Amino acid sequence: MIRNDAKGWFTLGQASRTLGVTPNTLRRWADRGQISSFTTPGGHRRFLVSAVQALVPAGRTRRPPLGASADRMARAYRRARPLEHAHGHGGWLGAISDTERQVFRRRGTQLVSDLLAGLDADGDQASSLLARAEKHASDYGAMAARLGASLSDTVEGFLRFRKPFVDELAVLARRRHLDTREATALLVDAESTLDRLLVALMLGHASPETIA
């Protein structure tokens, strides 16, 4: 059981775990006035316990795990782009070797695995997993630059992955019977994280020599 302080306030970590959302999502809700909070002189958020508990669905203290996998997301991508997979790779991807394509595929699988796990985790574990996903995205951008892909080609590839990923999350949310608040928070977190990954990808492409 999560304990609150004597004055009836949760810390950011306590409130986010109770609601089953990431700390960043909870900060956004507070900034928009969607939940009562205040900031201590030391810069720490505090959330009114009664306000937090009012947002918890009956009988549930945390969003259920999605149970998604990188393989499931890969299948969703193939369903979204069947012609591309049927006719092989075009553009710069068509000019690289099978071994190099395997390296890209492995990097992408690692990125998706960490991203999915990060969305299901909270606290320090979520931060660690999402930081790893950012590193994979940066390395992916650097590898693309080294192999001759332009920045626009690299970003286009990321954006073509992004929509099927978000669409599949929405499908999973329905199958896991997430309520509207939970599903919305999940998709907001996913979009925010994907924005971070896109920035990491672009920075990696811009400085390929600095990426190990």
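Residues numbered from 1 in each chain as written. Predicted model: local features only at pLDDT ≥ 70, side-chain atom pairs only at ≥ 80, totals over all residues. Heavy atoms only, no water.

K.L.:
Would you mind showing me how to read the side chain of Thr 18 here?
P.N.:
Inspection of the secondary structure puts Thr 18 in helix H1 (residues 12–19). Polar side-chain contacts of Thr 18 include one of 2.8 Å to the backbone oxygen of Gln 14. (Helix = DSSP H or I, 4+ residues; strand = E, 2+ residues; numbered from the N terminus. Polar contact = N/O pair within 3.5 Å; in protein donor to acceptor, adjacent residues only side chain to side chain.)

K.L.:
I would appreciate a short explanation of helix H7 (residues 123–146) in the present structure.
P.N.:
Spacing of three or four residues puts side chains on the same side of an α-helix, whose turn is 3.6 residues. With 24 residues, H7 ought to run about 34 Å at 1.5 Å a step, and its terminal C-alpha atoms sit 35 Å apart, in line with that. Of the residues making up H7, those classed as buried are Ala 126, Leu 129, Leu 130, Ala 133, His 136, Ala 137, Ser 138, Asp 139, Gly 141, Ala 142, Met 143 and Ala 144. Contacts made by the buried residues of H7 are with helix H6 (98–120), helix H8 (151–175) and helix H9 (180–206). After H7 finishes, the residue Gly 148 shows a positive phi value of roughly 95 degrees. (Expected span 1.5 Å × (residues − 1). Buried < 20%, exposed > 50% of the residue type's maximum accessible area, 1.4 Å probe, protein only. Contact = heavy atoms within 4.5 Å.)

K.L.:
I keep staring at the packing of aromatic side chains and nothing clicks. Help me out?
P.N.:
What describes a pair of aromatic rings is the distance from one ring centre to the other and the angle between the planes of the rings. Counted according to the given criterion, the structure contains 3 aromatic pairs. Arranged with centres 4.9 Å apart and planes meeting at 85 degrees, the rings of Trp 9 and Phe 38 form a pair that is edge-to-face. Of this pair, Trp 9 sits in strand S1 (residues 9–11) while Phe 38 sits in strand S2 (residues 37–39), and the two are 29 residues apart along the sequence. An angle of 50 degrees between the planes, with centres 5.5 Å apart, marks the rings of Phe 161 and Phe 165 as tilted. Within this pair, Phe 161 and its partner Phe 165 are both found in helix H8, separated by 4 residues, close to a single helical turn. Note on accessibility: Phe 161 and Phe 165 belong to one class, buried. Each residue in the set Phe 158, Phe 161 and Phe 165 is aromatic and connected to the rest through ring pairs, giving one cluster. (Phe/Tyr/Trp six-rings, centres within 6.5 Å; stacked < 30°, edge-to-face > 60°.)

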